[in-house]
Amino acid sequence: MNIALKAKSRLQCKIPIHDRAAEQSCLALLQSCNSLPKLAQIHSRILKLGLLNNPLVLTKFTATSSDLNAIDYATSVIFSPESDTLLYDTFLFNTIIRAYAQINNLKTNSIECYNLMLEYGVSPNKFTYPFVLKACAGIGDLNLGKSVHGAVLKFQFGDDIHVQNTLVHMYGSCEGGIELGRKVFDEMSERDSVSWSAMIGGYARLGLSTDAIDLFRQMQISGVCPDEITMVTVLSACTDLGALEVGKWVESFIEKQMVNRSVGLCNALIDMFAKCGDVDKALKLFRSMNGRTIVSWTSVIAGLAMHGRGLEAVALFEEMLEAGVPPDDVAFVGLLSACSHCGLVDKGREYFDSMKNDFGIIPKIEHYGCMVDMLCRSGRVKEAHEFIQKMPIEANPIIWRTLISACCARGELKLAESITKRLIGNEPMHESNYVLLSHIYAKLLRWEKKTKIREVMDKRGMKKIPGSTLIELDNEIYEFVCGDKSHHQSKEIYEMLDEMGRKMKKAGYVPTTSEVLLDINEEDKEDALNKHSEKLAIAFALLKTPPGTPIRIVKNLRVCNDCHSATKFISKIYNREIVVRDRHRFHHFKDGSCSCRDFW
DNA sequence: TAAGTGCAAC
């Protein structure tokens, strides 16, 4: 739909005379309308009464419905050449701007409509800007947002708290806008829970989760009472960090401060517990809640899959079907990844077909990704390769990397090499491709080629994403990077590391030096491995926590082969359960083995 | 007629 085009021709149109009584009766009907079928009835009445060109009626029609067809219908009539321009007012424009701002992919229609409003000389009011800014946030265009901000100031709505709140939200949703959002936030004379939620949410979305949690602490000092949405936002920051202790604290805070937990809040708690390592708690919470939504089910199913408990995830999916909840595409991603993680290839294939045939869901790249992973894990590398070539959509780098890892694990090194080289051609600045290639060369014993990779990376000016590990102790979050010496107990940590190394070697641990990308001698390679952030974090935890208690750490990247092998030894030697969350899944180390069964 | 939030393949 092109609003502007439809509007152009109608500036000169004549003013029709309306039947006021009919208008009133229609408005009253719309007032009590609460369902789409009812709306359709009213629609036919509008037609019968000849009120098609009555903007008042159509505005109400638009406002009552969140149905896209109704909105499009109403706008096309409102802006048709026959409609009554003299009845165009702020309310009408606000309604349409709001309607489009609420629908994904149609946010630009909101902006188009707002521009039209200015073009016709209809004045925006303080209710206009929250809608317009919401649309800007959805589009994520910082320059657009800035220009609307300019208009806000020009029309002198800059002091309105709702406008300010949406400005914060808008800047927080646009790339590079967070600082400007913070400026608006800092300059506000008064802040309510929405202001704080918008700012905390901005940090959380950008992955600045520690900033989000810090700001939440400041909010408590400020005396503004957080609401459900604030808590959902803070929980998403906890989830991102893997900060289970902070998450638990948030849960108790919710219990103390709030009477009822909304479904949304419960879903956020479930997701937090699952992704912070306590999937049993997530399950318990899920069992205790009323009014579960598809998001609740999906969060637990995906959570179980992530912890390697695929069979339980599949059972839960079946339970969901029995409960009469129709699965959506996201639920199938969780289910298929569960099948993949517990080796249910045939069952997985059945579900994949059923998704299309029984539920009419067209598989997306993520679903194909699950299928490739499933075939790879069960050792059917060739089949996986054929599957990729037959896919109706083009494979993405994630899928290719899955296949490459499987090739390496199964000794299909030549195939791995050729795919990796092609991938580097497509994504020359993606570090993990080079790491993969270097592993392949190490396995092929092609040391000279392996050495060259580092040079290529340097020449292309690539920055290595530094590996880091988070650990939470006594409500504090500690971060370790490779070779970190910044901790005040650094000396003790490195002594612990030496002790761990000695005990591990005695138990039969051999460092996987082929992991190291640098061109250095074997001894230095061992040293480089030994300083990996996850080993530092584990050493720190062994020092600071009572014997026998579980250790939980969160790694920002995928855990490396050497750390994986070392952690297995450590779990046995020190008799500790070690729960490692990496970029993609959980590893539960216990008594010398890992829940991922060495495939990740 | 006003704001803010939650599930996704490696």
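Residues numbered from 1 in each chain as written. Chains lettered and ligands numbered in written order. Predicted model: local features only at pLDDT ≥ 70, side-chain atom pairs only at ≥ 80, totals over all residues. Heavy atoms only, no water.

Student: Just to check I follow, could you spell out the overall build of chain A for this structure?
Tutor: Helix and strand counts for chain A stand at 31 helices and six strands. Expressed along its principal axes, the backbone C-alpha trace of chain A runs to roughly 95 × 55 × 55 Å. Counting all 600 residues of chain A, 50% fall into the buried class. Of all intrachain contacts in chain A linking residues separated by at least 6 positions in sequence, the fraction that spans at least 24 positions is 65%. Of the roughly 28700 Å² that chain A leaves accessible, carbon and sulfur atoms contribute 53%. (Helix = DSSP H or I, 4+ residues; strand = E, 2+ residues; numbered from the N terminus. Buried < 20%, exposed > 50% of the residue type's maximum accessible area, 1.4 Å probe, protein only. Contact = heavy atoms within 4.5 Å. Areas by Shrake-Rupley, 256 points an atom, 1.4 Å probe, with all protein chains shown as cover.)

Student: Sorry if this is basic, but what is going on with helix α6 (residues 90-101) here?
Tutor: One turn of the α-helix equals 3.6 residues, which is why residues spaced by three or four share an orientation. Relative to the 16 Å expected for twelve residues at 1.5 Å per residue, α6 spans 16 Å between its end C-alpha atoms, a close match to the ideal helical length. When you tally the buried positions in α6, you get ten out of twelve residues, the bulk of the element. The set of residues buried in α6 consists of T90, L92, F93, N94, T95, I96, I97, A99, Y100 and A101. On its buried face, α6 is in contact with α4 (55-64), α5 (68-78), α7 (107-119) and α8 (128-139). (Expected span 1.5 Å × (residues − 1).)

Student: Even after reading the chapter, I still don't get the nonpolar core, so can you show me in this structure?
Tutor: Buried together is how nonpolar side chains tend to be arranged in soluble globular proteins. Counting residues in each nonpolar core, the largest one holds 152 residues, and the members touching the most others are F93, Y129 and L403. Per-element tally for this core: the top contributor is helix α16 (residues 263-275), with eight residues. The contacts of Y129, once residues within four sequence positions are left out, are Y114, P124, V148, A151, V152, F155, F157 and V163. In terms of nonpolar packing, the next biggest core, distinct from the first, is built from 31 residues, I538, I551, I570 and Y574 among them. (Core = buried A, V, L, I, M, F, W, Y, C linked by side-chain atoms within 4.5 Å.)

Student: What exactly am I supposed to notice about the side chain of D484 here?
Tutor: On the secondary structure map, D484 appears in the loop between β2 (476-481) and α28 (490-506). One buried charged residue, D484, forms no salt bridge at all, with the nearest opposite charge on K485 at 9.5 Å. Among the polar contacts made by the side chain of D484, one reaches the side chain of S486 at a distance of 2.6 Å. Non-local contacts of D484, meaning those with residues more than four positions away in its chain, are made with E479, S490, Y494 and L536. (Lys, Arg positive; Asp, Glu negative; His and termini not counted. Salt bridge = Lys/Arg side-chain N within 4 Å of Asp/Glu carboxyl O. Polar contact = N/O pair within 3.5 Å; in protein donor to acceptor, adjacent residues only side chain to side chain.)

Student: I keep staring at the protein's contact with DNA strand B and nothing clicks. Help me out?
Tutor: The environment of DNA strand B is made up of 42 residues, and the closest members are H162, V194, R205, D227 and I398. Among the atoms of DNA strand B lying within 4 Å of the protein, the sugar-phosphate backbone contributes 47%. A distance of 3.4 Å separates a base nitrogen of DNA strand B from a polar atom in the backbone of G264. Between DNA strand B and T402, the relevant distance is 3.4 Å, taken from a sugar or linking oxygen to a side-chain nitrogen or oxygen of the residue. Ranked by residues supplied to the surface near DNA strand B, first place goes to helix α22 (residues 365-377) with six residues. (Near = heavy atom within 4 Å.)

Student: When you look at the packing of aromatic side chains in this model, what are you seeing that I'm missing?
Tutor: For any two aromatic rings, the description comes down to two numbers: the centre-to-centre distance and the angle of the planes. On inspection of all chains with the given rule, the structure shows 22 aromatic pairs. Measuring from ring centre to ring centre gives 5.9 Å for Y88 and F93, while their planes differ by 85°; the resulting arrangement is edge-to-face. When its relative accessible area of 9% is taken as the criterion, Y88 is described as buried. Aromatic side chains F286 and W297 sit 4.9 Å apart centroid to centroid with 75° between the ring planes, which places their arrangement in the edge-to-face category. (Phe/Tyr/Trp six-rings, centres within 6.5 Å; stacked < 30°, edge-to-face > 60°.)

Student: What am I meant to see in the pairing of strand β5 (residues 586-590) here?
Tutor: Note on strand geometry: in a regular strand, side chains alternate between the two faces of the sheet. Direction of pairing for strand β4 (residues 578-581) relative to β5: antiparallel, over a ladder of four bridges. Across the sheet, the residue bridging to R581 is F586, located in β5. Where β4 folds back on β5, the antiparallel hairpin that results is connected by four residues. As judged from the two bridges shared by β5 and strand β6 (residues 593-594), these two strands associate in the antiparallel manner. Across the sheet, residue F589 finds its bridge partner in β6, namely C594. Turn length for the β5-β6 hairpin, with the two strands adjacent in sequence and antiparallel, is two residues, and the turn residue D591 shows positive phi of about 50°. (Pairing = 2+ DSSP bridges.)

Student: Sorry, what's going on with the sheet that holds strand β3 (residues 551-555) here?
Tutor: Strand pairing within a sheet occurs via backbone hydrogen bonds; the two strands may be parallel or antiparallel. The sheet built from six strands is open, its strands ordered β2-β1-β3-β4-β5-β6 with mixed pairing. Each edge of the sheet is formed by a strand with only one pairing partner; in this case those strands are β2 and β6.

Student: Which parts of the structure should I look at to understand the packing of helix α24 (residues 397-409) against helix α25 (residues 413-426)?
Tutor: For any two helices packed against each other, the geometry comes down to the angle between their axes and how far apart the axes lie. Remark: α24 packs on α25, axes separated minimally by 8 Å, with the N-to-C direction vectors making an angle of 155°. For the element pair α24 / α25, the angle class is roughly antiparallel. When the axes of α24 and α25 are compared, the crossing they make is left-handed. Residues P397, W400, R401, L403, I404, C407 and C408 of α24 form the contact with α25, whose own contacting residues are L413, L415, A416, I419, T420, R422 and L423. (Axes fitted to C-alpha atoms, helices over the stretch in contact; angles between N-to-C directions. Parallel < 35°, antiparallel > 145°, perpendicular 65-115°, else oblique. Left-handed = near helix turned anticlockwise from the far one by under 90°.)

Student: I would appreciate a short explanation of the environment of F253 in the present structure.
Tutor: The topology assignment puts F253 in helix α15 (residues 244-257). Its relative accessible area of 11% is what places F253 among the buried residues. In the structure, F253 is positioned 23 residues away from C276 in sequence and 18 Å away in space, judged by C-alpha atoms.

Student: Explanation requested: the pairing of β4 in the structure shown.
Tutor: Burial along β4 is two-sided: I578 and V580 facing one way and V579 and R581 facing the other are all buried. As paired elements, β3 and β4 share four bridges and run parallel to each other. Paired with V554 across the strands is R581, a residue of β4. Once you follow β3 into helix α31 (residues 561-573) and on to β4, the crossover reads as right-handed. (Right-handed = clockwise from strand over helix to strand, strands pointing away.)

Student: Sorry, what's going on with the side chain of D562 here?
Tutor: In this structure, D562 sits in helix α31. The class of D562 is buried, set by a relative accessible area of 0%.

Student: Explanation requested: the environment of G308 in the structure shown.
Tutor: Relative to the assigned elements, G308 resides in the loop between α18 (294-306) and α19 (310-322). Residue G308 is classed as partly exposed on the basis of its relative accessible area, which comes to 25%. The spatial distance from the C-alpha of G308 to the C-alpha of C339 is 9.7 Å, given a sequence separation of 31 residues.

Student: What am I meant to see in the state of the cysteines here?
Tutor: Each disulfide consists of one covalent bond between the sulfur atoms belonging to two cysteines. Overall, the coordinates contain zero disulfides when judged by the stated rule. In this model C225 remains outside any disulfide bridge; the closest cysteine sulfur is found in C238, 17 Å from its own. Free of any disulfide, C594 has its nearest cysteine sulfur in C596, 3.6 Å distant. For C594, a relative accessible area of 8% translates into the label buried. (Disulfide = S-S within 2.5 Å.)

Student: When you look at the confidence of the model for chain A in this model, what are you seeing that I'm missing?
Tutor: In regions of low pLDDT, the predicted coordinates are not meant to be interpreted in detail. Of all residues in chain A, 93% have pLDDT values of 70 or greater, and the mean over the chain is 87. This model gives residues 5-15 a pLDDT under 50, and the stretch forms 24 contacts once residues within four places in sequence are excluded. (pLDDT = per-residue confidence, 0-100.)

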